[in-house]
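# Observations on the model geometry
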Amino acid sequence: MSGIKLSICIPTYNREAYLRNALTYCENDYKFAFPFEIVICDNASTDGTQQVVEEFIARGQPIRYYKRETNAGAAANVTSALRLGKGEYLIYLADDDMLIADAVADTIGYLDNNQEVTCAHAPWFLYDEVAKTDITKFYNVEEDRKFPHGSFGDVFQYICEGHIFPEIAIYRSSALRSAWIPREFCFYPFPFLAHFLDQGAVSFLQRPFYRSIVNSAIARDRPQEGTNDVMTSWDRYRGGLEYFLYMGVKRGAMTLTPETRLKYDEMCKVFTLNRMAVAFRFWAERKNFIKAYELYTRIMWGGMLNHPEIRSFRERLPLMVAIQTLVSEVNSAIGIDTLLLGGFSEITALEGLMRELGLNGKVKVTVKLSDSPLESTAVFVSVNSDREYFVALGYLPNLVFHEHDLSRHIIM
């Protein structure tokens, strides 16, 4: 045995400023009564990552540092960080997030006292690092729950009813060794949970021990992989749940009949639709209304006709989708450098909206017919009968738009 109680596993790549921030938290705040280590796996960074790590090693931080010669991708680097940990327990830490040290210590104590538990999950805080305040928890746990080995049916019911995401956990190293992670079609936390439940008990604790920094003091608008998952991974969420169910059935912990299959399919569907509704809101807030509308059609077909994530956008969604469709079509057509607005007396507000929705800055907006060659001009008319007029002048027929062309298929 190494004698190390906890390995804090940090994968990183070309993020020296964030890593320095994360290691500063480690240095200042992570005071444990047990031996711990920080395992850093560097995916062939070309910035000053190695120098940052060496600074903290020189100051006495218990860091083991590994650097690849070539980038192997994010999944391999996460796996590497966990595999290289020597601790009795392991926890993943993103290079731009932070742990809550006393809560981590309490969770380690819980695991020491419950040797049958293979991993302890908890909700995590979304944290504003600028204001130094917790914004909200990603999900809620009403009371500490321990599920015995193999209780797949009860755990599935629990994660669906509570909309639980088992992403943040402290893992018992002896169980993690065989808990490989599906990487493509099944969102990994659900299969991972199944693998741990197949080896022993699993727990969900009330108290968060992790902070996901959503408003960073380093860069306020940095991209976050977790956000990308929320916006795109609803079908992978379903895949993860189905993987979990498959394993429960194959282990004999769940009975599969035509009736139970329908019940579980409905639970997977509801969970997935709720995640799609959150993705809808994220896309709408990012002003990508075309993608939001695509999700809207699927959510409506799924039967969630008045989902709260959608309600506030419903009234303005058709107009936004129509204008953004115009913008997208103009941007996509090679050689178009002018958008002529025919029959509009005041274009300032309309042009402002189109710019807001992504109209290429190189495309000039005008009301004058003679500004640009016909073949490099798209036209948007306010009166449908004007369309034939502009086509007769020689403008390209499929680049002369009326509102009806843009909105007839937006059905609310």
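Owing to the predicted nature of the structure, the values given are computational and were not obtained by experimental measurement. (Residues numbered from 1 in each chain as written. Predicted model: local features only at pLDDT ≥ 70, side-chain atom pairs only at ≥ 80, totals over all residues. Heavy atoms only, no water.)

Glancing now at the overall build of the protein. A tally of helices and strands in the protein yields 16 helices and 16 strands. Once the C-alpha set of the protein is aligned to its principal axes, its extents read approximately 85 × 60 × 35 Å. Within the protein, the fraction of its 412 residues that count as buried is 51%. Considering only contacts within the protein whose residues lie at least 6 apart along the sequence, 76% involve residues at least 24 apart. For the protein, the exposed surface amounts to about 19700 Å²; the carbon and sulfur share of it is 52%. The distance from the centre of the 43 positive side-chain charges to the centre of the 51 negative ones in the protein is 3 Å. (Helix = DSSP H or I, 4+ residues; strand = E, 2+ residues; numbered from the N terminus. Buried < 20%, exposed > 50% of the residue type's maximum accessible area, 1.4 Å probe, protein only. Contact = heavy atoms within 4.5 Å. Areas by Shrake-Rupley, 256 points an atom, 1.4 Å probe, with all protein chains shown as cover. Lys, Arg positive; Asp, Glu negative; His and termini not counted. Charge placed at Lys NZ, Arg CZ, Asp CG, Glu CD.)

Burial within helix H7 (residues 189-197) is extensive, with nine of its nine residues counted as buried. Residues Pro189, Phe190, Pro191, Phe192, Leu193, Ala194, His195, Phe196 and Leu197 constitute the buried set of H7.

Quick look at the sheet that holds strand S7 (residues 125-128) now. Taken in spatial order, the four strands of this open sheet run S5-S12-S7-S8, and their pairing is mixed. For this open sheet the edge positions go to strand S5 (98-99) and strand S8 (133-137), each flanked by a neighbour on one side alone. (Pairing = 2+ DSSP bridges.)

Further remarks concern the pattern of salt bridges. Within the structure shown, the criterion is met by 20 salt bridges. Of the charged contacts in the structure, one is a salt bridge between glutamate 37 and arginine 64, with a shortest N-O distance of 2.8 Å. Residue glutamate 37 is found in strand S2 (residues 36-42), and its partner arginine 64 is found in strand S3 (residues 63-67); the two are separated by 27 residues along the sequence. A relative accessible area of 3% means that glutamate 37 is categorised as buried. (Salt bridge = Lys/Arg side-chain N within 4 Å of Asp/Glu carboxyl O.)

Mapped onto this structure's residue numbering, the UniProt feature "domain: Glycosyltransferase 2-like" (unreviewed entry) falls at residues 7-175. A helix fraction of 36% and a strand fraction of 27% characterise residues 7-175, whose end C-alpha atoms lie 14 Å from each other. (UniProt positions renumbered as here; feature names shortened; annotations may be inferred.)

Sheet analysis places S7 next to S8, joined by four bridges and oriented antiparallel. Bridging across to S8, phenylalanine 125 finds its partner in lysine 137. Where S7 hands over to S8, the hairpin turn is made up of four residues, of which lysine 132 adopts a positive phi near 55°.

Moving on to the state of the cysteines. Tallied over the entire structure, the rule returns zero disulfides. Distance from the sulfur of cysteine 9, which forms no disulfide, to the nearest cysteine sulfur (cysteine 41) is 7.8 Å. Cysteine 9 gets classed as buried once you look at its relative accessible area, which sits at 0%. Here cysteine 160 stays unpaired: no disulfide links it, and the sulfur of cysteine 268, its closest cysteine neighbor, is 6.0 Å away. (Disulfide = S-S within 2.5 Å.)

Before going further, it helps to examine the packing of aromatic side chains. Under the criterion given, the structure shown has 29 aromatic pairs. For the ring pair phenylalanine 147 and tyrosine 158, a centre distance of 5.0 Å and an interplane angle of 55° mean the geometry is tilted. Separated by eleven residues along the polypeptide, phenylalanine 147 in strand S9 (residues 145-147) and tyrosine 158 in helix H5 (residues 152-162) bring together distant segments of the chain. Accessibility expressed as a relative area gives 3% for phenylalanine 147, which makes it buried. An aromatic cluster is present here, built from Trp124, Phe138, Tyr139, Phe165, Tyr171, Phe187, Tyr188, Phe190, Phe192, Phe196, Tyr237 and Phe271 joined pairwise through their rings. The ring of tyrosine 18 has arginine 15 lying over it, and the distance from NZ or CZ to the ring centre is 4.5 Å. Here arginine 59 stacks its cationic end above the ring of phenylalanine 56, 4.4 Å away from the centre of that ring. (Phe/Tyr/Trp six-rings, centres within 6.5 Å; stacked < 30°, edge-to-face > 60°. Lys NZ or Arg CZ within 6 Å of the ring centre and 35° of its normal.)

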